[in-house]
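Coordinate inspection notes
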Amino acid sequence: MNVLVTGGAGYIGSHTVVELINARHQVIVVDDLSNARIDVLDRIEEICGRRPEFYQMDCADKNRLQQVFIHHRIDAVIHFAGFKAVGESVKKPLAYYRNNLDSTMTLLEVMEEFGCRKLVFSSSATVYGPDNPHPYKESMPAVCSASPYGWTKVMIERILKDYATAHPNFCAVLLRYFNPIGAHVSGLLGDDPNGIPNNLMPYIGRVAGGKLERLTIFGGDYPTPDGTCQRDYLHVVDLAIGHLKALEYAESNHGAEAINLGTGKGTSVLELVYAFQKVSGIQVPYVIGPRREGDLPAFWADAEKAKRLLGWEAMYTVEDMCRSTWNFVRKNK
Ligand code: UDP
């Protein structure tokens with residue numbers, strides 16, 4: 001298939017591009033490089049022996065997107081492009097709504113114009129909001145979020161459902177990610193955010209690599225076994241493979257289907273720190289600080305639907321996730 005990957009130079013996008021190329025798909029990447037680096041493409045080529053077609057552009061630029069569809073007969077789209085920093089979205093809500101909604105609607109209009117009927121969308125567990133009990137199931141109401149970033153996911157899911165209702169041949173798979181971490185086994189691709197990381201695993205990586213002094217654990221008095229928050233961490237390579245399974249699903253189905261991608265297991269912040277120390281042999285100094293606003297104590301996925309509909313299950317362990325992160329940190333000092 002000719003697969004267009006928006007945001008394909010980013011953390012999850014680049015790992016998915018590798019899996020797509022390895023599965024012999026023709027991959028066309030669109031990325032404005034606002035939160036990714038051009039050398040990711042060299043690294044993908046080094047891993048796969050093939051380079052994806054690349055267009056540096058904003059996918060809300062309709063004229064240029066139409067040109068991409070004219071040059072390539074796009075069979076399916078995986079849509080990662082979007083702003084993703086939760087805290088920043090609270091400070092810049094308009095930028096988040098404008099960018100994330102505009103790019104999706106422009107993409108849908110162009111897909112419609114060119115008769116492209118398969119879309120895999122990067123959604124998030126954040127759409128379950130604070131009121132659902134965990135494990136989260138897709139049948140629960142997923143209609144609110146704690147941040148403008150999360151609301152863009154809720155709104156885009158709604159748009160895709162309405163669009164699929166109006167276009168019975170269309171298929172959208174809304175993949176609700178839990179907490180992707182880890183890196184490619186080569187150490188060439190990984191999560192390397194600009195500035196001080198907001199997310200836990202890249203922060204641990206910077207501390208272990210000597211770039212930051214210590215980790216602050218946000219809250220040690222949650223109602224969890226060790227007092228720190230629990231999340232469903234999954235390996236980014238497992239997540240990437242989930243996108244290939246979703247593409248296969250979209251080939252023979254219609255409608256908009258929300259599917260969790262998680263392991264179904266909760267891991268606490270402290271458990272993750274200990275696992276990282278064990279596999280790396282490096283001490284990660286930490287202090288317990290105050291809670292971070294908006295954090296939920298614990299949640300993880302009910303992963304049954306992904307197994308049933310996609311035949312997908314996470315394969316990698318928390319130790320694998322830590323080992324690959326450490327390998328990436330060491331190779332990219
Ligand atoms: N966390 C932390 N220190 C950090 C970053 C994150 O203790 O410097 C905790 C955070 O409170 C949450 C977990 O790590 O319980 C995962 O946070 P992350 O931002 O990676 O993902 P989220 O679940 O918020 O999307």
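Cut-offs and rules
Positions within a chain are numbered from 1, following the residues in the order the chain's sequence is written. Two thresholds apply to this predicted model, a pLDDT of at least 70 for residue-level local features and 80 or more for giving and counting side-chain atom pairs, whereas whole-chain, interface and lining totals are computed over all residues. Just so you know, side-chain values use all the structure's heavy atoms and leave hydrogens and water out. A run of DSSP states H or I qualifies as a helix once it reaches four residues; a run of E qualifies as a strand once it reaches two. Both are numbered from the N-terminal end. Restricting the calculation to C-alpha atoms gives the radius of gyration, and the globule rule supplies 2.2 Å times the number of residues raised to the power 0.38. In what follows, a contact means two residues having at least one pair of non-hydrogen atoms within 4.5 Å. To be clear on the numbers: accessible area is Shrake-Rupley with a 1.4 Å probe, and residue cover counts the displayed protein chains and nothing else. In these notes, residues near a molecule or strand are those with any non-hydrogen atom within 4 Å of it. Any N or O atom pair separated by 3.5 Å or less is treated as a polar contact, with the protein-specific requirement of one donor-capable and one acceptor-capable atom, and with residues adjacent in sequence counted only for side-chain atom pairs. Side-chain classes follow a simple rule in which Ala, Val, Leu, Ile, Met, Phe, Trp, Tyr, Cys and Pro form the nonpolar group, Asp, Glu, Lys and Arg form the charged group, and the remainder, Gly included, forms the polar group. A fitted line through C-alpha atoms represents every axis, and for helices the fit uses only the stretch in contact; the resulting angles, taken between N-to-C directions, go from 0 to 180 degrees. Under this scheme an angle from 65 to 115 degrees is roughly perpendicular, one under 35 degrees roughly parallel, and one over 145 degrees roughly antiparallel; angles in between are oblique. Crossing handedness: left-handed means the near helix sits turned counterclockwise from the far one by under a right angle, and right-handed means the same turn made clockwise.

**A word on the overall build of the protein**
Helices and strands together make up the secondary structure of the protein, namely 11 helices and 13 strands. Radius of gyration (C-alpha) of the protein: 19 Å, near the 20 Å computed for a compact globule of 333 residues. Projected onto the principal axes, the alpha-carbon positions of the protein cover approximately 55 × 45 × 40 Å. Contacts spanning at least 24 positions in sequence make up 79% of the contacts within the protein whose residues lie at least 6 apart. Here the protein displays about 14,800 Å² of accessible surface, and carbon together with sulfur accounts for 50% of that area.

**A word on the site of the ligand**
Of all residues adjacent to the ligand, which total 15 residues, the nearest are T216, F218, R231, R292 and D295. Taking F218, its main chain carries an N or O atom lying 2.9 Å from an oxygen atom of the ligand. The contact in question runs from an oxygen atom of the ligand to an N or O atom on the side chain of D295, over 2.6 Å. Secondary structure elements with two or more residues in the shell around the ligand: helix 7 (200–208) and strand 8 (215–218). Looking at the shell around the ligand residue by residue, the class counts come to 8 nonpolar, 4 polar and 3 charged.

**Quick look at the packing of helix 7 against helix 11 (residues 318–331)**
Look at helix 7 against helix 11: their axes get within 10 Å of each other, and the N-to-C directions meet at 50°. Our classification of the angle between helix 7 and helix 11 gives oblique. Where helix 7 crosses over helix 11, the two elements pack in a sense that is right-handed. Where helix 7 abuts helix 11, its residues M201, G205 and A208 lie against M321, C322, T325, W326 and V329. Considering only residue class, the contact of helix 7 with helix 11 consists of 6 nonpolar, 2 polar and no charged.

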